[in-house]
Amino acid sequence: MSIAAITGVGVVAPNGLGTAEYWSATLNGTSGIDRITRFDASSYPVQLAGEVSGFAAEAHLPSRLLPQTDHMTRMALVAADWALADAAVQPGEMPEFDMGVVTASASGGFEFGQRELENLWGRGPEYVSAYQSFAWFYAVNTGQISIRNGMRGPSGVLVSEQAGGLDALAHARRHLRKGTRLVLTGGVDSSLCPWGLTAQIPSGLLSRSTERGRAYLPFDAAAQGYVPGEGGAILVMEELEIAKAGCDRPIYGVLAGYASTFDPPPRSGRQPRLRRAIELALSDAGVVADDVDAVFADGAGVAELDRVEAAAISAVFGPYGVPVTVPKSMTGRLFSGGAALDVVAALLSIRDGVLPPTVGTGRPAPEYQLDLVTGAARPGTVRTVLVLARGYGGFNSAVVLTAPQV
Amino acid sequence: MSPSRSYQAGGRRVVITGIGVIAPGGIGAKRFWELITSGQTATRSITFFDPTPYRSRIAAECDFVPEQHGLSPQELRRMDRAAQFAVVSAREAIADSGIEPEQLPADRTGVSIGSAVGCTMSLEREYAVVSDGGRRWLVDHSYGVPALYDYLVPSSLAREVAWVAGAEGPATVVSAGCTSGLDAVGYAVDLIREGSADVMIAGATDAPISPITVACFDAIKATSPRNDDPQHASRPFDKSRNGFVLGEGAAVLVVEEFDRARRRGAHIYAEIKGFASRCNAYHMTGLRPDGREMAEAITAALAEAKLDRTEVDYVNAHGSGTKQNDRHETAAVKRSLGHHARTIPMSSIKSMIGHSLGAIGAIEIAACALAVEYGVVPPTANLHTPDPECDLDYVPITAREQRVDVALTVGSGFGGFQSAMVLTGSGVRS
């Protein structure tokens, strides 16, 4: 069976544009969470977000694409360009039907959507953009990336909130197994407009803190919700043997295992299913708990969600049994982009032998029994990493990444 | 050993054992099948809102009264219309499959729901409130309803279905525009084949008949402006066609591993033998005239099914009724099926129930399964004067009794997505 190697990554994150900037900030514990600047958020109960700053779409994309794309699609297109360049892949030199695109989406191009809703409701139907039919919808990033790069093979779009980022990677792996040579995959999201923020508030999961260093505290006893963010990552996935044949290109690692499960409804009295997702993913990778060097946790920063995740990790690895980290404490939760970015961070940890810290959280709540990496990055051998992502409503996904030589 | 490894060599087969449909013209799979084999149409003037300011003022609406389907007041408040469709269809499909919901193996049951535009109707309704009719960019969050986040993230559609089915296996929403329904069922087939699930509650739902959707299709003249004759507005392959008619609805299927279905003595409608998708990498809304990527998808789906193109008995067309689509698709079918394309029936049920975006792909899979079941090919309504460039056998006006062992269904959508699925009856029908 084919082995899914990651050969290129492209990052657009609140604490760094491009892989190098993001990784350096992440290892240093530099957060991208700050006051919302995209609009005047002073009248909203949520004041902080992980905005991507300094991203100038016109510097990277042809001007004709700008009127037809939402902010999140522009970031996705640029992340895809960077991932391909990183993998030293020229799509124009590969057979078109041998390349596919699978992205995750959580809420579509919401800022574009708000503008067109305002045109419709405030001015009239004739003011609605000719691009509205596709610029906001969930499939737009896959479509635009495939068009920009001439990729005509099997594609897909998965929507399972934060878990979707991992589901997309797993679906990309399926395409490789069926014979597609290369798949661009991952997720990039943003809904940081007034309407997008307003639609997130009723979830009750957002932090209302205005203290940027203390707003999002995964696994902390004082956790009070998460900070929303934007951005994400696009990855190049290729079959390992083909990737190896590509001269001296680096291989970041292998997507060795994956599983997803769904939680029973609240008040059903049944157990959540995250633990099962972890166990199935380990089994799919052919590894055991002892092989895992680190867990990149979902880290919702919401007490009841943190408790369930900590219990699942402890059940599989034992109390304090494995280093756990939540680098998204520096970016906020990026919806479909968050898990894809965590996968990049995990691959870079494997490459550099160092785990990024969880910032904000001083010490995890003792009852969680977690060895949380806090304070500073932690060096050590990292060969096998488990990445967890959970989507609002009960979606659990788990991915196992291994070093390329395993 | 992991499930995905242990089953790989076994060649797990996937069958449809339950069907639930909500479509314009009637609720339930039975009413749906009666309508689309009668040649009657369910397209009409829009009644959901005042369509006067719009170019296209027609749609295929469902007469759906959620209270009649057992949805509680809190469920009604929480669920967008698309979620209501999905839940009611899922219940029908599970009942039809003969499985008691408590007998579904929770860990081995998954959910895959397609939707192109998610909870768009609720989002627009609530936007109008928080923006006070589009008056303020800085919308008033204090008017946000409790379920607003459920509308923002359409993954809530899969959650609702998972709760109905008691599913605790893999669950997701697949959203690839107008191929969402085909892709969601294709995704379910993948999961069963690889061993990640034994049963998938799979299908698609969309409820897009809302001002913003009508306006956005107006803006690119994709929908038909035949406002004076709504019942005959959807005219796939006809020379006078002038766009699609927006629809709504859902189809949810119980998709099951074959041996499991056989062991429990289930009624099997059809086997899903092959699925493939391709992109045109050309234009977000435009199509390359040569139909090559749809042809590639058809060829790949037949290859996966290990069937020769001459074995196809029926093609369920995308047949949206736009000038561009129907020619593109005709070219694609000729390209992939060769001379055989001219000898087989190919019809578009969108002529009768409109185009419900992501949902229609699943509804059309249901139509194919029922065509295999009953040996009847539904017609293309409103097809009186074929476009000279559309020169295949589109089964005009009247349904045709004919054995269907191998059905091919195709979809084409914004984003450039092209998908194809092959269903068969032989070898699995009891």
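Everything numeric in this text was worked out from a predicted model, so none of it was measured. (Residues numbered from 1 in each chain as written. Chains lettered and ligands numbered in written order. Predicted model: local features only at pLDDT ≥ 70, side-chain atom pairs only at ≥ 80, totals over all residues.)

Draft legend 1. Summary view of the packing of helix 2 (residues 71–86) of chain A against helix 5 (residues 140–149) of chain A. Residues and elements named next belong to chain A. As a packed pair, helix 2 and helix 5 sit with axes 10 Å apart at the nearest point and diverge in direction by 45°. The angle between the axes of helix 2 and helix 5 places the two elements in the oblique class. For the element pair helix 2 and helix 5, the recorded crossing hand is right-handed. Taken together, the residues of helix 5 that come into contact with helix 2 (itself represented by Thr 73, Ala 76, Leu 77, Ala 80 and Leu 84) are Val 140, Asn 141, Gln 144, Ile 145, Arg 148 and Asn 149. Looking at the contact of helix 2 with helix 5 residue by residue, the class counts come to 6 nonpolar, 4 polar and 1 charged. (Axes fitted to C-alpha atoms, helices over the stretch in contact; angles between N-to-C directions. Helix = DSSP H or I, 4+ residues; strand = E, 2+ residues; numbered from the N terminus. Parallel < 35°, antiparallel > 145°, perpendicular 65-115°, else oblique. Left-handed = near helix turned anticlockwise from the far one by under 90°. Contact = placed C-beta atoms within 7 Å. Nonpolar A, V, L, I, M, F, W, Y, C, P; charged D, E, K, R; others polar.)

Draft legend 2. Spotlight on the sheet that holds strand 3 (residues 44–45) of chain B. Residues and elements named next belong to chain B. Judged by pairing direction, the sheet is mixed, and its 3 strands sit side by side in the order 3-4-8 without closing on themselves. If you trace the sheet from one side to the other, it starts and ends with strand 3 and strand 8 (246–247), each paired once. The pairing of strand 3 with strand 4 (residues 58–60) spans 2 bridges and is classified as antiparallel. Bridge pairing in strand 4 places Arg 44 opposite Ala 59. (Pairing = 2+ DSSP bridges.)

Draft legend 3. A look at the confidence of the model for chain B. Averaged over every residue, the pLDDT of chain B is 95; the share at 70 or more is 97%. This prediction of the complex comes with two scores: 0.97 for pTM and 0.97 for ipTM. (pLDDT = per-residue confidence, 0-100.)

Draft legend 4. Representation of the interface of chain A and chain B in the model. Listed by partner, the interface residues are 69 residues for chain A and 74 residues for chain B. Tallying contributions element by element places helix 3 (residues 110–122) of chain A first for the side of chain A that touches chain B, with 6 residues. Residue classes in the side of chain A that touches chain B are distributed as 33 nonpolar, 25 polar and 11 charged. Examined bridge by bridge, strand 6 (residues 156–159) of chain A and strand 6 (residues 171–174) of chain B share 2 bridges and lie antiparallel to one another.

Draft legend 5. A look at the pairing of strand 10 (residues 270–279) of chain B. Residues and elements named next belong to chain B. Along strand 10, 10 of the 10 residues are buried, which leaves the element largely enclosed by surrounding structure. Relative to strand 10, strand 1 (residues 14–23) runs antiparallel, the two sharing 2 bridges. Paired with Val 15 across the two strands is Glu 271, which belongs to strand 10. Bridge count for strand 10 against strand 16 (residues 417–424) is 8 bridges, and the pairing is antiparallel. Bridging from a neighbouring strand, Gly 274 pairs with Val 422 of strand 16. (Buried ≥ 20, exposed ≤ 12 C-beta atoms within 10 Å, placed from the backbone.)

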